[in-house]
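Residue strings, one per chain:
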Amino acid sequence: MEKVFFISFALIMFFTSCTNKENYTNIITTGRSAEDEYEMSDIEREKNIKNIICNIDGVNNAWVIAAGDNVVIGIETDLKESEDINRIKNFSVIETKENDKWANNVAVTTNVKIVEMIKDIQ
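Per-chain numbering applies: the sequence of each chain, read as written, is numbered from 1 onward. Selection of residues for local features in this predicted model requires a pLDDT of at least 70, selection of side-chain atom pairs for listing and counting requires 80 or more, and totals for whole chains, interfaces and linings are taken over all residues. As a rule here, side-chain values cover all heavy atoms of the structure and leave hydrogens and water aside.

Some points on helix 4 (residues 82-99)
Where we set the bar: A helix here means a DSSP run of H or I that spans at least four residues, while a strand means a run of E at least two residues long, and both kinds are numbered starting from the N terminus. Working rule for helices: expected span equals 1.5 Å times residues minus one. Partly exposed residues are those whose accessible area sits between 20% and 50% of the maximum for their type, while under 20% is buried and over 50% is exposed, using a 1.4 Å probe and protein chains only. Directions drawn from the helix axis to the C-beta atoms are what define this arc. Note on definitions: a residue-residue contact is assigned when non-hydrogen atoms from the two residues lie within 4.5 Å.
Helix length check: helix 4, at 18 residues, gives a terminal C-alpha distance of 25 Å against a target of 26 Å (1.5 Å per residue), a fit within 8%. Buried within helix 4 we find Ile85, Ile88, Ser92, Glu95 and Thr96. Buried residues of helix 4, viewed axially, fall in a sector of 100°; they line one side. Of the residues in helix 4, the exposed ones pointing more than 90 degrees away from the buried face are Ser82, Glu83 and Glu98. Those residues of helix 4 that are buried lie in contact with helix 3 (42-54), strand 1 (59-67), strand 2 (70-77) and strand 3 (105-109).

Following this line, the structure appears as structure tokens:
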């Protein structure tokens, strides 16, 4: 399920990150208008979210993809207890939604393979 979501999101992110959107009139992004993008780019949002996530206790590093109202976060941690990992994931979602007014759909993973895919996209 996580892989299907991630692959679908990666495809959406690829198409919505094109600078020449006129060529892709059949693709609709959600959650952000042209004015929103002028206020803060997705790249700036990604950097801001990464800084917030990296300050969470137990997070070694994080990678973020922001596109429209979707945010995918890959986290590296040395923690092994599922309770600790769930705490990090839940807190990451809360902090992202509180600090990024466009983040409506936030997905967080610590799965090493998916985190590697997120790294490769950036």
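Topic: the pairing of strand 1
Going by this rule: Strands were regarded as paired on the criterion that DSSP finds at least two bridges between them.
Summarising burial for strand 1: seven of the nine residues are buried, a large majority. Two elements, strand 1 and strand 2, share eight bridges in a ladder whose sense is antiparallel. Residue pairing in the sheet places valine 59 in a bridge with threonine 77 of strand 2. Taking the residues that link successive antiparallel strands as the turn, the strand 1-strand 2 hairpin has two residues, and the phi of glycine 68 there is positive, at about 60°.

A word on the environment of threonine 109
The cut-off we apply is this: Polar contacts here mean pairs of N or O atoms no more than 3.5 Å apart (in protein, one a potential hydrogen donor and the other a potential acceptor; neighbouring residues in sequence count only if both atoms are side-chain atoms).
Along the chain, the position of threonine 109 falls in strand 3. A residue is classified by how much of its surface remains accessible, and threonine 109, at 5% relative accessible area, is buried. Threonine 109 sits 23 residues away from asparagine 86 along the chain, and the two C-alpha atoms are 9.8 Å apart. A distance of 3.0 Å separates a polar atom in the side chain of threonine 109 from the backbone nitrogen of asparagine 111.

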